[in-house]
Amino acid sequence: VSLFAATAGAQTYPERTITMVVPFSAGGPTDTVARLVAESMSKDLGQQVLVENVGGAGGTLGAARVANAEADGYTVLLHHIGMATSATLYRKLPYDTLNAFEYVGLVTEVPMTIVARKDLEPTDLKGLIEYAKANKDTVTVANAGIGAASHLCGMLFMSAIETPLVTVPYKGTGPAMTDLLGGQVDIMCDQTTNTTKQIQGGTIKAYAVTSPERLDVLKDIPTATEGGLADFQVGIWHGIYAPKGTPAEAVDRLSQSLKVALKDPNVAARFAELGTEPSPEADATPDALKAKLESEIARWKPVIEAAGEYAD
Ligand code: MLT
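Keep in mind that this is a model prediction, so the values were computed, not measured. Counting from 1, residues in each chain are numbered in the order their sequence is written. Where totals are concerned, whole chains, interfaces and linings use all residues; where local detail is concerned, this predicted model gives features only for residues with pLDDT of at least 70, and gives and counts side-chain atom pairs only at 80 or more. Excluded from the side-chain calculation are hydrogens and water; included are all heavy atoms of the structure.

Undergrad: Where do I start with the overall build of the protein in this structure?
TA: Strands here are runs of E lasting at least two residues and helices are runs of H or I lasting at least four, both read from the DSSP assignment and numbered beginning at the N terminus. Scanning the protein for helices and strands turns up 12 helices and 9 strands. By principal-axis analysis of the C-alpha atoms, the protein measures approximately 75 × 40 × 30 Å. Partly exposed describes any residue whose relative accessible area lies between the buried limit of under 20% and the exposed limit of over 50%, with all areas from a 1.4 Å probe on protein chains only and scaled to the type maximum. Residues classed as buried in the protein amount to 56% of the 312 residues present. Only heavy atoms enter the contact rule, under which two residues are in contact if any of them lie within 4.5 Å. Of the contacts made within the protein by residues no fewer than 6 positions apart, 79% connect residues no fewer than 24 positions apart.

Okay, here's the thing in structure tokens:
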């Protein structure tokens, strides 16, 4: 009887709502990606995948929430490159990045944009760099805290122009965008999943995209390299994780469902409108995400150490 129950249990996962933790505010770029993927996965799994926003401390609070959650397949984390950078940026993390999670798979890689409030004077990237250098004590740069993609990109920007600027941390770039629109903050480096519509609508100013080539949805915006910052490229990869010890059947089922979401024409179309695309189906696997996380920790460690900016 117990053998039958175990087998039947494995086959019936999921039996109730799955919580997908997003480690940033609602309405921001990670939330946008998560809600699109969660909607598609919900259909495939036959159970709701409910997004829960746990913002703060550059994504590390939400990651900690999942690291400490019950490993039963009903709590997962959708996080981005910050999972790798925070491993170096934080002297103390409340979880062990490489040992606290099971890997479900890669989701997407999102380009970034260097943007500003719409009435900021400079009209191109060169002008912005001159302006930032001349006004370094007053120009404010929004980010979503140490470990956020916006923090990483801002750090790369300040290091490229060899000028530290005043940073203003938020719980996500959703609320940071509200302040950029309201003119309370000057500059931000943020993902196209949060900026494309605003740039197209002319409500903010865009100076550059951080992709190797221009983007179809933002054809008029030069790449950072074209704009004068040689090799300034950054892509924000996202993955789905589960707490360490989550049963393999559940992880496999989630991975299968992620594959279905990445092939969903609605997901692909919405991603395309926002300047991104789903990861290849072959990358919606535990091995692909694990390899990406490991290589990205190694890649960013020396960059972060050279910048010398840490959180306790
Ligand atoms: C967000 O969802 O708010 C962003 O991904 C924050 C960031 O990493 O810049």
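Now that the structure has been shown, the text picks up again.
Undergrad: Which parts of the structure should I look at to understand the site of the ligand?
TA: One heavy atom suffices: a residue is near a molecule or strand as soon as one of its heavy atoms comes within 4 Å of it. Surrounding the ligand, one finds Phe24, Pro29, Thr30, His80, Ala144, Ala148, Ala149, Ser150, Gly172, Thr173 and Gln191. Polar contacts, as counted here, are pairs of nitrogen or oxygen atoms within 3.5 Å of one another; within protein the pair requires one atom able to donate a hydrogen and one able to accept it, and residues that are adjacent in sequence qualify only if both atoms are side-chain atoms. Between threonine 30 and the ligand, the recorded distance is 2.6 Å, taken from a side-chain N or O atom to an oxygen atom. In this structure, an oxygen atom belonging to the ligand sits 2.7 Å away from a main-chain N or O atom of alanine 149. Here the open area of atoms and residues is found with the Shrake-Rupley method and a 1.4 Å probe, where only the protein chains shown may cover a residue. Burial of the ligand by the surrounding chains reaches 100%, relative to a free accessible area of 270 Å². When residues of the shell around the ligand are traced back to their parent elements, those giving at least two are α2 (29-45) and α6 (149-160). Each residue gets one of three labels, nonpolar for Ala, Val, Leu, Ile, Met, Phe, Trp, Tyr, Cys and Pro, charged for Asp, Glu, Lys and Arg, and polar for the others, Gly among them. Class assignment of the residues belonging to the shell around the ligand gives a composition of 5 nonpolar, 6 polar and no charged.

Undergrad: Any chance you could explain the packing of α2 against helix α11 (residues 265-273) here in plain terms?
TA: Between two packed helices, what matters for the description is the angle formed by their axes and the separation of those axes. Helix axes are fitted to C-alpha atoms over the stretch in contact, other axes to C-alpha atoms as well, and angles between N-to-C directions run from 0 to 180 degrees. Contact pair α2 / α11: the axes reach a minimum separation of 10 Å and the direction vectors enclose 170°. Looking at the two axes, α2 sits roughly antiparallel to α11. Contacts between α2 and α11 pair Val33, Leu36, Val37 and Ser40 from the former with Val267, Arg270 and Phe271 from the latter. Of the residues contributing to the contact of α2 with α11, the split by class is 5 nonpolar, 1 polar and 1 charged. Reported orientations rely on four angle classes, namely roughly parallel under 35 degrees, roughly antiparallel over 145, roughly perpendicular from 65 to 115, and oblique for the rest.

Undergrad: Which parts of the structure should I look at to understand the side chain of threonine 108?
TA: For threonine 108, the location among the structural elements is in strand β4 (residues 101-117). A distance of 2.9 Å separates polar atoms of two side chains, one belonging to threonine 108 and the other to threonine 276. A polar contact of 2.7 Å, which involves the side chain of threonine 108, links it to the backbone oxygen of glutamate 277. Those residues in contact with threonine 108, other than ones at most four positions away along the chain, are Val33, Ile236, Trp237, His238, Phe271, Thr276, Glu277 and Ser279.

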